[in-house]
Amino acid sequence: MAKRFLIYTNRQKDKGLTVTEYIRSYLESRGQRVFLNTDEADRRETADCMIVLGGDGTMLRAARETRERNIPIIGVNLGTLGYMTEIEPDHLEEALERLITGDYERESRMMLHGRAYLKGNEAEDWALNDIVIARSGPLQIIRFNIYVNGQFLNAYCADGMIVTTPTGSTGYNLSAGGPLVAPQAKLIMLTPICPHTLNQRSIILSPEDVIEIEIPQGADGGMQTVEASFDGSRGIPLCTGDRIRIMQSQKVTEFIRLNRVSFLEVLHGKLSD
């Protein structure tokens, strides 16, 4: 029975859709059904597999945009580091054959759900990598009040705060000095961005914990304006008096794994490049 493949392409990475058309032609020649993310038909069809062409940023966008459909995804690395992408272009044909025959494993990754409580309004979104609260106005230190399960944890003064999943540990969290975590783990990390004291480091929490970040008045008693960004994409503006509640989402992202190598082996290869 033919499988249904959805190809999600970053057109900046695959100029002229050269790789996209090669994959489509190859799969169709093997009797498979193929849709592109630009096709109107893909909005009605449920695919058995989504092949994402680009880098880690493209993988994040694809996971967010199709989260309601729960399509297993695999990436072709047209970017640089590509922690999330599984397939290198030189091994594309072999990988496609394995996808057709079902010679792969599936791996579930946790996501985050954030709900912002604004003045007389609410907004929500989801993230596979991270939810980042950072300044949206002039260059200034931001004050945060952090609560976990309703209990006050700490007040932070920093350039921002990263709430990340294990999948997101290799992203902004890593650049901010946070720990690397195996993507299959279940936990939530809090990593301050450039904290303005020497004793504030990342905090690792249980996936069942509920985090609440409150935006108080600034150090001078004035209004603070920040933005909550979901996987570096959609932003929700917050200001003094607003808060955002972050917890593990009931939604997950299913990754297709072809390579039976450990996270440590992949990490060693990426860090050695």
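Relevant structure appears above.
Residues numbered from 1 in each chain as written. Predicted model: local features only at pLDDT ≥ 70, side-chain atom pairs only at ≥ 80, totals over all residues. Heavy atoms only, no water.

Visitor: What is the right way to look at the pairing of strand S3 (residues 49–54) in this model?
Guide: Looking along a regular strand, one sees the side chains alternate between the two faces of the sheet. Most of S3 sits out of view: six of its six residues are buried. A two-sided burial pattern is seen for S3, the buried positions comprising Cys-49, Ile-51 and Leu-53 on one face and Met-50, Val-52 and Gly-54 on the other. Two elements, strand S1 (residues 4–9) and S3, share five bridges in a ladder whose sense is parallel. If you follow Thr-9 over to S3, its bridge partner there is Leu-53. Where S3 lies against strand S4 (residues 73–77), five bridges are found, and the strand directions are parallel. Paired with Leu-53 across the strands is Val-76, a residue of S4. The β-α-β motif built from S3, the intervening helix H2 (residues 56–65) and the parallel element S4 has right-handed crossover chirality. (Buried < 20%, exposed > 50% of the residue type's maximum accessible area, 1.4 Å probe, protein only. Helix = DSSP H or I, 4+ residues; strand = E, 2+ residues; numbered from the N terminus. Pairing = 2+ DSSP bridges. Right-handed = clockwise from strand over helix to strand, strands pointing away.)

Visitor: What exactly am I supposed to notice about the nonpolar core here?
Guide: Where a protein is soluble and globular, its nonpolar side chains tend to be buried together. Within the largest apolar cluster, 27 residues are counted, with the highest numbers of intra-cluster contacts made by Ile-133, Phe-144, Ile-213 and Ile-244. Apart from residues no more than four positions distant in its own chain, Ile-244 is found in contact with Arg-115, Ala-116, Ile-131, Ile-133, Ile-211, Glu-212, Ile-213, Ala-228, Phe-230 and Leu-238. Counting residues in hydrophobic clusters, the runner-up holds 21 residues, among them Val-34, Ile-51, Leu-53 and Ile-74. (Core = buried A, V, L, I, M, F, W, Y, C linked by side-chain atoms within 4.5 Å. Contact = heavy atoms within 4.5 Å.)

Visitor: Honestly, the packing of helix H1 (residues 18–29) against helix H3 (residues 92–101) in this entry has me stumped. Any pointers?
Guide: One way to put it is that H1 packs onto H3 with a least axis distance of 11 Å and a crossing angle of 45°. The orientation of H1 with respect to H3, classified from their angle, is oblique. Seen along the crossing, H1 lies across H3 with a hand that is right-handed. Along its contact with H1, which presents Val-19, Tyr-22, Ile-23, Tyr-26 and Leu-27, the element H3 presents Leu-92, Glu-93, Leu-96, Glu-97 and Ile-100. (Axes fitted to C-alpha atoms, helices over the stretch in contact; angles between N-to-C directions. Parallel < 35°, antiparallel > 145°, perpendicular 65-115°, else oblique. Left-handed = near helix turned anticlockwise from the far one by under 90°.)

Visitor: Is there a simple way to think about the pattern of salt bridges in this case?
Guide: Opposite charge on two side chains makes pairing possible when the charged atoms of those side chains draw close. Throughout the structure, instances matching the rule amount to 15 salt bridges. The shortest N-O distance in the salt bridge between Glu-97 and Arg-30 comes to 2.7 Å. Taken as a pair, Glu-97 in helix H3 and Arg-30 in the loop between H1 and strand S2 (33–36) lie far apart in primary sequence, 67 residues in all. Judged by its relative accessible area of 23%, Glu-97 falls in the partly exposed class. One salt bridge connects Asp-159 with Arg-135, and the closest N-O pair in it is separated by 3.2 Å. Placement of Asp-159 in the loop between strand S9 (151–158) and strand S10 (160–164) and of Arg-135 in strand S7 (residues 130–135) is noted, with a sequence separation of 24 residues between them. On the accessibility criterion, Asp-159 (18% relative accessible area) is buried. On the accessibility criterion, Arg-135 (27% relative accessible area) is partly exposed. One network of salt bridges, in which partners are shared, links Arg-115, Glu-122 and Glu-124. (Salt bridge = Lys/Arg side-chain N within 4 Å of Asp/Glu carboxyl O.)

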